[in-house]
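# Structural description and commentary
One letter stands for each residue in the lines below.
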Amino acid sequence: PKDGDVPTENERLGAKVKVFAGSLQLKNIEVGKLKGDLQQARAQHVVEIYHAKTTNEKLEEELQQLKNQNEKNKQAMMKLVHAVKEQRETLKFVRKEKEMMQRETLHL
């Protein structure tokens, strides 16, 4: 329509459609951006999960190594305890033998 003319119904509807189409384009751009943000967040989440899993696996491995070392230490400690008991028994025996020899020496 020329300046001053009253727009027809079709022209008014056409203008509304253009405004709506422009609005729709902006919404599509926003949706695209949100999709990109979501993909980036998902990728970051995947990286964080992988890092957490890797860290957890390393910690579990270290824990198992510590448990194994602890078991070895327990076994070594038991050997030492056994050796000390044997030495005490040997010492007791030697003392008794010494006493008997001293008594026999006194009686001679």
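Right, let's walk through the structure included here. (Residues numbered from 1 in each chain as written. Predicted model: local features only at pLDDT ≥ 70, side-chain atom pairs only at ≥ 80, totals over all residues. Heavy atoms only, no water.)

On the surface, a nonpolar cluster with roughly 280 Å² of combined accessible area is contributed by M77, L80 and V81. Tracing the chain through its elements places V81 in helix α1 (residues 9–107). (Patch = residues over 30% accessible without salt bridge, like charges linked within 9 Å, V, L, I, M, F, W, Y side chains within 5 Å. Areas by Shrake-Rupley, 256 points an atom, 1.4 Å probe, with all protein chains shown as cover. Salt bridge = Lys/Arg side-chain N within 4 Å of Asp/Glu carboxyl O. Helix = DSSP H or I, 4+ residues; strand = E, 2+ residues; numbered from the N terminus.)

Judged by side-chain charge, E57, E60, E61 and E62 come together as a negatively charged surface patch. Looking at where E60 falls in the secondary structure, it is placed in helix α1. (Lys, Arg positive; Asp, Glu negative; His and termini not counted. Charge placed at Lys NZ, Arg CZ, Asp CG, Glu CD.)

In this structure the tally under the stated criterion is four salt bridges. Taking the shortest distance from any N to any O, the salt bridge between R12 and E9 comes out at 2.2 Å. In this pair, R12 and E9 both sit in helix α1, three residues apart, roughly one turn of the helix. What makes E9 partly exposed here is its relative accessible area of 43%. Linking D37 and K33 is a salt bridge whose minimum nitrogen-to-oxygen distance equals 3.1 Å. Here D37 pairs with K33, and both are found in helix α1, just four residues apart, close to one helical turn. Residue K33 is classed as exposed on the basis of its relative accessible area of 54%. (Buried < 20%, exposed > 50% of the residue type's maximum accessible area, 1.4 Å probe, protein only.)

Tracing the chain through its elements places Q69 in helix α1. Q69 sits in the partly exposed class, given a relative accessible area of 40%. Measuring from C-alpha to C-alpha, the distance between Q69 and S23 comes to 68 Å, with 46 residues separating the pair along the chain.

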